[in-house]
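Remarks on the overall topology
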Amino acid sequence: MMKLHKTVFKNYAIVALLLGLGFESYAQERPDKPVTIDSFDVVRDYKPILADAVKIRRSPDMTNKRSYMPKFSYNNITDKKLDINTGLKELDVMETPFTKTQDITSNYAKFGIGNFNTILGEAYFAVEDYEDLRFGGFVKHLNQKGSLEDQKFSRQEVGIFGRRILPQFTVDGLIGYNRYATNFYGIPVDDLGTSLNPSREAQRFNDIYFSGELTSKFDPANEDALSYSAKLDAYSYGDKFDAKENSVAISAYLNKRVRTFNIGLNAAVDVNSISGTNNVLNDGKLNNSVANINPYISFKGQNYAITLGANIVSEFGDSTRFNIFPSAEVDFSLVPEYIHLFGGVNGNVQKTSYKNLAQINPYLGPDLHIQNTIERLSFFGGIKGNAGATFGYKAKIMFKTLEGVPFFVNDMEAPFRFDLVYDGDGDKATKYFGLEGEINIRLSELVNLGGRLNWDEYSLATQEEAWHTPKMRLAATARFNISEKLYIDAEALFHGESYARAYTYTNMGTTTPAEPSASYTKYTIPGFFDLSAGAEYKAIKKLGIFVKANNMFNTEYQRYYYYPKLGFNVIGGLNYSF
C-alpha cells in the first residue's frame, strides 16, 4: 500500500513540476499577469470507445486483404509512357511523302491468237492524274478467216478522247477511225449446183467520226436551276464502191427549273448527204436532212413526274415533209424505289442512215433506195423498279403505227447482195406490237446475272413477212468472281426463226447466166442459240491470262441468207495492265 502511494505521489510531483515550468515561460512573455494554479488537467492516451464509432454510418473493412490483380498485356499498343511533366506537347507537323492519288489500272495491252487464223490486239491508255482533266486513246485489231472460201473478217479501231471539267460546265470530245473489211462470201447456186458468186468480191468500210459535247453542271439544291448542253456529231462513212455518207448533226438542250416545274426545249439539225443511191436524177446523190424541235413542260412531285410537249419535225433536202407529233409521258411511283409505273404517247421521224444499215448488214448492194421511217403514233407503258442494289427489272409494252419500215432482202440479180424494201405508206400503215423486258440480279459479290428479252410482231401492209427479222430475241449474261485473281464471263444469245425472200435460178447454158424465177420463194432461216464463255486469271498483279470461246455448240447458223457464221472458235492470250 505504501509503495502504491509513493508511486502516485511521484507521478503527481512530476506533473506539477512540468506545469510550473510552463507557467514560468508564459510569465516571461506576460510579466503583468501573476502566476496562479487553479486546477490540473490529467493527460493520457486516447482510447476510442464504441460511442465514438457510431458516428460512422458504414463501418470500414479494416482487414488487410489485397485482391488478386491480373496482369494485362496489350500487344497493339507500344509500351511508351506519356510525358506529362510539363503539360501536353505541341504536335510536330511532318511533311507527308509523295504518293500517287490512286493505283491506276485502267491502262492495258492485250494480245491473243486462236483458231480460224484469229489474231487479236488491243491497247488502251488514259491519263487520270488530274481531278478536272482526263484524256487518252485506244487501238484495236481483230482478224479471222473461216473455213469457207474467202470467209474473212477484219476490224481496226483507233481513237483519242478527252474530258475537261470547268467550274460551270464539262466538255467531252472523241475523234476516231474505224475500218471493217469482209468479203461477199455467200454462195447461192442455181438448179445445177453452179455458184452464182464465183468472184466473191471484197468489201470494206471506212468511218472517220467526231463527237463533242458541252454540258452544264447540275445543282439539285437550286430550285431555279438552269441546265443546258450542246453537242456536235460528224462522220464520213463509205464503202469500197460508190456508197458514201457525210453527216453533221448539231443538237442542244435547255431546261429551266422553277421548283416543281421544268420548262425546256430539245432541238437538233442533221444535215446528211449520201452518194451511190438509186436517185438517178441527181447522179446517185441524195440529200436527206432532218430538223426537229421538242418543247415541253414537266411537273415533278415526290412520287410522280408528268411531261407534256410536242415534237415538230421537218425533213428537207431532195424531199420535204413537215410533221407535228404529240409527246407526253408519265412516271408514277406506286411503291417508292420498288415499283414504278410509266407510260406515254409520242411520234417521230427516224432517219435512215447508210452507216447504220451497213453496220447491221455489211453485205449491201449498190444503188439503194433510202427513205426515212415515220412513227405516226407510238404508245408505250410498263413497270420498272429495283430492290436495293441486288435486283432491278423493267417490262415495257409498245404499239406503233409506222410508215416506211426497211427490211433486208436478197437482190434478184446478185443474190449474195442485199437490197432494201419498205412497208407502210400513207393509209396503208404498218402496225407494230412489241414487248421488251430486262432484268439484272446480283446474287452476291461473286455472282452477277442479267437478261434481256425482245418480242417484235408486225402487221404488214404490203410485204408478206418482216424479212430477216426474228420475232423473238433473248440475250443473257453472267459474271462469276471466283476469287481476286479468277473471273469467268458467259453470254448466251437466242434468235427465233426468220424468213428470207429469194429466187430460184435456172441454168440455160454454160455461157448464159442463170435466169431467176418470176416470183420469189419464202425461205425459213432456223433459229439459233449461241453460247460464249471466257475466263481471265491474274497470274501476277499486272499480268493476266485470258481465254474466250465463242459458238460453243459449233452451229454454223445464219443471220442473213447464204451467210453462215463461224463455228466453234477459241481465242487465248495475255493482257498487261499498267
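A quick note: this is a predicted structure, and the numbers were derived from the prediction, not measured. (Residues numbered from 1 in each chain as written. Predicted model: local features only at pLDDT ≥ 70, side-chain atom pairs only at ≥ 80, totals over all residues. Heavy atoms only, no water.)

A tally of helices and strands in the protein chain yields three helices and 30 strands. Every one of the 578 residues in the protein chain was classed for burial, and the buried ones make up 31%. Residue pairs in contact within the protein chain that sit at least 24 positions apart in sequence constitute 56% of those at least 6 positions apart. Carbon and sulfur atoms form 59% of the exposed surface of the protein chain, whose accessible area is close to 37,700 Å². (Helix = DSSP H or I, 4+ residues; strand = E, 2+ residues; numbered from the N terminus. Buried < 20%, exposed > 50% of the residue type's maximum accessible area, 1.4 Å probe, protein only. Contact = heavy atoms within 4.5 Å. Areas by Shrake-Rupley, 256 points an atom, 1.4 Å probe, with all protein chains shown as cover.)

Turning next to the confidence of the model for the protein chain. Caution is warranted with low-pLDDT regions, since their predicted coordinates should not be read in detail. Looking at the protein chain as a whole, the pLDDT averages 85, with 81% of positions reaching at least 70. Within the model, pLDDT remains below 50 along residues 1-10, and this stretch shows zero contacts once partners closer than five positions in the same chain are excluded. Confidence drops under pLDDT 50 across residues 12-102; counting only partners more than four residues distant or on other chains, this segment forms eight contacts. (pLDDT = per-residue confidence, 0-100.)

As a further point, take the pairing of strand β6 (residues 202-216). Sheet topology places strand β5 (residues 169-183) next to β6; 15 bridges connect them, and they run antiparallel. Residue I175 lies in a different strand from β6, and its bridge partner there is F210. As judged from the eleven bridges shared by β6 and strand β7 (residues 226-239), these two strands associate in the antiparallel manner. In the strand pairing of β7, Y209 is matched with Y235. (Pairing = 2+ DSSP bridges.)

Here the phi dihedral of R200 falls at roughly 50°; this positive angle occurs in a residue that is not glycine. Counting through the fold element by element, R200 comes out in the loop between β5 and β6. Residues other than glycine seldom take positive phi values, yet E337 does so here, at roughly 70°. Along the polypeptide, E337 turns up in the loop between β12 (321-335) and β13 (339-350). Residue class for E337 comes out exposed when judged on its relative accessible area of 56%.

Moving on, we get to the nonpolar core. Formed by 35 residues in total, the largest nonpolar core has its most connected members in Y354, L364 and Y563. Those elements that provide at least two residues to this core are β4 (152-165), β6, β7, α3 (354-360), β17 (418-423) and β22 (498-502). The contacts of Y563, once residues within four sequence positions are left out, are N183, F184, Y185, G186, Y363, F416, F418, Y557 and Q558. (Core = buried A, V, L, I, M, F, W, Y, C linked by side-chain atoms within 4.5 Å.)

With that out of the way, let us pick up the side chain of N361. Relative to the helices and strands, N361 resides in the loop between α3 and β14 (373-386). Only 3.1 Å separates the side chain of N361 from the backbone nitrogen of Y363, close enough to count as a polar contact. The contact partners of N361, leaving out residues within four places of it in the chain, are F408, F418 and Y560. (Polar contact = N/O pair within 3.5 Å; in protein donor to acceptor, adjacent residues only side chain to side chain.)

With that settled, consider the packing of aromatic side chains. The final tally for this structure, using the stated rule, is 23 aromatic pairs. A centroid spacing of 5.8 Å and a plane angle of 20° characterise the contact between Y124 and F161, whose relative ring orientation is stacked. In this pair, Y124 sits in strand β2 (residues 118-127) while F161 sits in strand β4, placing the two residues 37 residues apart along the sequence. Looking at Y124, the relative accessible area reads 21%, which means it is partly exposed. By relative accessible area, F161 is classed as buried at 17%. Residues F184 and Y363 carry aromatic rings whose centres are separated by 6.2 Å and whose planes lie at 65° to one another, so their mutual orientation is edge-to-face. (Phe/Tyr/Trp six-rings, centres within 6.5 Å; stacked < 30°, edge-to-face > 60°.)

Our focus in this paragraph is the environment of Q371. Considering the arrangement of structural elements, one finds Q371 in the loop between α3 and β14. Of the residues examined, Q371 reaches a relative accessible area of 29% and is grouped as partly exposed. As for Q371 and G404, which are separated by 33 residues in sequence, their C-alpha atoms are 6.9 Å apart. Beyond its immediate sequence surroundings of up to four residues, Q371 is in contact with T352, G404 and Y422.

Now for the pattern of salt bridges. Opposite charge on two side chains lets them pair, provided their charged atoms get close. Scanning the entire structure with this criterion turns up 20 salt bridges. When the shortest N-O distance is used, the salt bridge between E201 and R417 registers 3.4 Å. In this pair, E201 sits in the loop between β5 and β6 while R417 sits in the loop between β16 (405-410) and β17, placing the two residues 216 residues apart along the sequence. Taking the relative accessible area as the measure of exposure, R417 reaches 17% and is therefore buried. The partner of E315 in a salt bridge is R321, and the shortest N-O contact between them spans 2.7 Å. Residue class for E315 comes out buried when judged on its relative accessible area of 4%. With relative accessibility at 31%, the residue R321 sits in the partly exposed group. (Salt bridge = Lys/Arg side-chain N within 4 Å of Asp/Glu carboxyl O.)

Both strand β3 (residues 133-145) and β4 contribute to a ladder of 13 bridges, which runs antiparallel. Bridging from a neighbouring strand, N143 pairs with S154 of β4. Direction of pairing for β4 relative to β5: antiparallel, over a ladder of 13 bridges. Across the sheet, I160 pairs through a bridge with I175, a residue of β5. Linkage of β4 to β5, two consecutive antiparallel strands, is achieved through a turn of three residues.

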